[in-house]
Amino acid sequence: MCTSSCCYLASYTCLYFCNCSSISRCWGPRFFHEKISGTSPLNWTIAFFWSEIYFAQRFYYYNHTTNKLLFLVIEVMLYAIGVTKLLIVLCRLVFPAVAVYTFLAQKYWKTRIVIDAVEKFLRMQQMFGPTRFAYTDITAITSHFRDKLGQGGYGSVYKGVLPGDVQLAVKMLSNSNCNGDEFISEVSTIGRIHHINVVRLVGFCAEDMRRALVYEYMPHGSLDKYIFSSERSFSWDKLTEIALGIARGIDYLHRGCDMQILHFDIKPHNILLDINFVPKVADFGLAKLYPRDKSFVPMSASRGTIGYIAPEMYCRGFGAISSKADVYSFGMLLLEMAGGRRNFFQNAASPSQAYYPSWVYGQLAKQEEVDGEMSSASIVPMHELERKLCIIGLRCIQLNPQDRPAMSEAIEMLESGTDDLQMPSTRPFFCGDDDTDDHIAAADSCHSSSELTAISEEDE
């Protein structure tokens, strides 16, 4: 509309001032209208640019000698019309293209931002949650199960490598007794656990009956190969530090998660050591999740490894099953760390030393009787930290679960000095020559009616 008005103005101005029939035949309102109404880009160009040039030439030819002032006015008008048309062309052709480009660019960046946000979310999910691997991925990670690290009652463990030289430990489960939904639910919950003293679950695999757990790789292996070696591998300070780390990991499982996690299988074989010998609680094959406000768990959930199982796991008569079952297992672990041997050792030098908790309880009791004097030949000298670990271990393996400390209390005892520690007021389970047979008979009678699922100690 604006372009046509300018054209009419230029045409009528020409006719008014020039009054030339030849110009009116060549230039008029119809000239611009005919050129611009078509679809040819060439006609558009002529309409916008050539019309002013043609008119200026004709006007200069007839009037440049008669009225120079009039010619100057007309020339200014033509320049103004030309600039106006140029702006119209820019607005109609260039500016829409720029606007479209700007719109597309803005839309692209908004889409890119959304994609980046989703990608970031997925990466966070992958970082804080386990990744589900296909069985073909597990096969590729382990190089077709080439490097076997070990084997336990619940499957074999193989070394795996992800791109980027990220080393993993892949545990292939065998004879799993849980369905797929329970397996995924339990794995996803344990996969959100992040604690320096709990091994991190990187991923899992669940295809039909083929199931695997992918953990971070612990280069120094399990604790048992260090504490049961012929030569003591750690100093007493390092042993105490490792014991404190294990206690913190178990306490985190009991109190640090939304759900209370009971491990039910604390033993040296399930304590892994990273490259800096930081202990990490591992192997949650027997672990169960319960609400934190639930103090006791059903008897049908009882399980463990012989030698570390709490008495109440055999028989309800010893007490209700709770987190104190893990405390008992931790106490047996502490005693083995302090003694550098298994608690049950049939080839001991004397029958009294076959059961280490009973023997060390007698040693500590004799030390208290002589007020710490080592004059008696029957008393074996003990390091201060060894005595500390033994006393805490004995307090943790009390027969009555209520007499055992919570894991938080065990941590406080490990962090405190040895002067504040006292021997337990009652003897631990299977301790003492007079009542050992009675305890064994009671345990045997309860064992026949219990629903215990026990795993024998792995052959080493």
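Residues numbered from 1 in each chain as written. Predicted model: local features only at pLDDT ≥ 70, side-chain atom pairs only at ≥ 80, totals over all residues. Heavy atoms only, no water.

As annotated in an unreviewed UniProt entry, the protein chain is Protein kinase domain-containing protein from Urochloa decumbens. UniProt, in its Subcellular location (unreviewed entry) section for the protein chain, records the words "Membrane". (UniProt positions renumbered as here; feature names shortened; annotations may be inferred.)

Moving on, we come to the overall build of the protein chain. When helices and strands are counted, the protein chain shows 15 helices and 12 strands. For the protein chain, with 460 residues in total, the buried portion stands at 43%. In the protein chain, of all internal contacts separated by at least 6 residues, the share reaching a separation of at least 24 is 65%. Of the accessible surface of the protein chain, which amounts to about 24900 Å², a share of 55% is contributed by carbon and sulfur atoms. (Helix = DSSP H or I, 4+ residues; strand = E, 2+ residues; numbered from the N terminus. Buried < 20%, exposed > 50% of the residue type's maximum accessible area, 1.4 Å probe, protein only. Contact = heavy atoms within 4.5 Å. Areas by Shrake-Rupley, 256 points an atom, 1.4 Å probe, with all protein chains shown as cover.)

Helix length check: helix H13 (residues 384-396), at 13 residues, gives a terminal C-alpha distance of 19 Å against a target of 18 Å (1.5 Å per residue), a fit within 8%. Of all 13 residues making up H13, 10 are buried, and the element is well covered by its neighbours. Considered for burial, the residues of H13 that qualify are Leu385, Glu386, Lys388, Leu389, Cys390, Ile391, Ile392, Gly393, Leu394 and Cys396. Buried residues belonging to H13 abut helix H9 (236-255), helix H11 (324-339), helix H12 (356-369) and helix H14 (407-415). (Expected span 1.5 Å × (residues − 1).)

A word on unusual backbone geometry. The backbone of Ser143 shows a phi angle near 55°, a positive value even though the residue is not glycine. Along the chain, Ser143 falls in the loop between helix H6 (135-141) and strand E2 (148-152). Even without being a glycine, Phe145 presents a positive backbone phi close to 55°. Residue position: Phe145 is located in the loop between H6 and E2.

Another aspect to go through is the sheet that holds strand E5 (residues 201-207). Taken in spatial order, the 6 strands make up an open sheet running E1-E5-E6-E4-E3-E2, and their pairing is mixed. Bordering the open sheet on either side are strand E1 (131-132) and E2, each of which pairs with just one other strand. Relative to strand E4 (residues 166-173), strand E3 (residues 155-162) runs antiparallel, the two sharing 8 bridges. Its bridge partner lying in E4, Gly160 is registered against Leu168. (Pairing = 2+ DSSP bridges.)

Let's shift gears to the packing of aromatic side chains. Taken as a whole and judged by the stated rule, the model has 8 aromatic pairs. Pairing Tyr226 with Phe277 gives two aromatic rings, centres 5.8 Å apart and planes at 85°, and the pair type is edge-to-face. One end of the pair, Tyr226, is in helix H8 (residues 224-227); the other, Phe277, is in the loop between strand E8 (271-273) and strand E9 (279-281), with 51 residues separating them in the sequence. Judged by relative accessible area, which is 16%, Tyr226 ranks as buried. Judged by relative accessible area, which is 23%, Phe277 ranks as partly exposed. Ring geometry for Tyr356 versus Trp359: centroids 5.8 Å apart, planes at 35°, classification tilted. You can see Tyr356 and its partner Trp359 sitting in helix H12, 3 residues apart, about one turn around the helix. Of the two residues, Tyr356 and Trp359, neither departs from the other in class, the shared state being buried. Put simply, the rings of Tyr135, Phe145 and Tyr158 touch in pairs and so form one group of aromatic residues. (Phe/Tyr/Trp six-rings, centres within 6.5 Å; stacked < 30°, edge-to-face > 60°.)

Glancing now at the UniProt feature "binding site: ATP" (unreviewed entry) in the protein chain. Mapped onto this numbering, the UniProt entry gives "binding site: ATP" (unreviewed entry) at Lys171. Relative to the helices and strands, Lys171 is located in strand E4. Setting aside anything within four residues of it in sequence, one finds Lys171 in contact with Tyr154, Ser156, Val157, Arg211, Ala212, Leu213 and Asp283.

Burial within E4 is extensive, with 6 of its 8 residues counted as buried. Following E3, the chain reverses through 3 residues before pairing antiparallel with E4; Gly164 in that reversal takes a positive phi of roughly 95°. Here 6 bridges tie E4 to strand E6 (residues 210-216), and the two strands are oriented antiparallel to one another. Bridge assignment links Ala169 to a residue of E6, and that residue is Tyr215.

Quick look at the nonpolar core now. Of all hydrophobic cores here, the largest spans 77 residues; its most connected members are Leu223, Ile246, Phe330, Met337 and Val360. Each residue touching Ile246, except ones within four places of it in the same chain, is listed here: Leu223, Ile271, Pro279, Val281, Phe330, Leu333 and Met337. In terms of nonpolar packing, the next biggest core, distinct from the first, is built from 11 residues, Ile141, Leu168, Met172 and Ala212 among them. (Core = buried A, V, L, I, M, F, W, Y, C linked by side-chain atoms within 4.5 Å.)

Of note, Asn197 is situated in the loop between helix H7 (180-191) and E5. Looking at Asn197, the relative accessible area reads 6%, which means it is buried. Apart from the residues lying within four places of it in its own chain, the contact partners of Asn197 are Gly245, Arg248, Gly249, Val278, Pro279, Lys280 and Val281.

The grouping of Leu69, Leu72, Val73 and Val76 at the surface amounts to a nonpolar patch, some 380 Å² of accessible area in total. By the secondary structure assignment, Leu69 is in helix H5 (residues 68-128). (Patch = residues over 30% accessible without salt bridge, like charges linked within 9 Å, V, L, I, M, F, W, Y side chains within 5 Å. Salt bridge = Lys/Arg side-chain N within 4 Å of Asp/Glu carboxyl O.)

With their axes 10 Å apart at the nearest point, H13 and H14 run at an angle of 165° to one another. One element, H13, and the other, H14, form an angle in the roughly antiparallel class. Crossing geometry of H13 relative to H14 is assigned as right-handed. Each of Lys388, Leu389, Ile392 and Arg395 in H13 lies in contact with H14, whose residues at this interface are Met413, Leu414 and Glu415. Here the contact of H13 with H14 is composed, by residue class, of 4 nonpolar, no polar and 3 charged. (Axes fitted to C-alpha atoms, helices over the stretch in contact; angles between N-to-C directions. Parallel < 35°, antiparallel > 145°, perpendicular 65-115°, else oblique. Left-handed = near helix turned anticlockwise from the far one by under 90°. Nonpolar A, V, L, I, M, F, W, Y, C, P; charged D, E, K, R; others polar.)

The description of two packed helices rests on the angle between their axes and on the distance between the axes. At a minimum axis separation of 11 Å, H9 and H11 run at an interaxial angle of 170°. When the axis of H9 is compared with that of H11, the two are roughly antiparallel. For the pair H9 and H11, contact is made by Trp236, Leu239, Ile242, Ala243, Ile246, Ala247, Ile250 and His254 and by Asp326, Phe330, Leu333, Leu334, Met337 and Ala338, respectively. Split by residue class, the contact of H9 with H11 holds 12 nonpolar, 1 polar and 1 charged.

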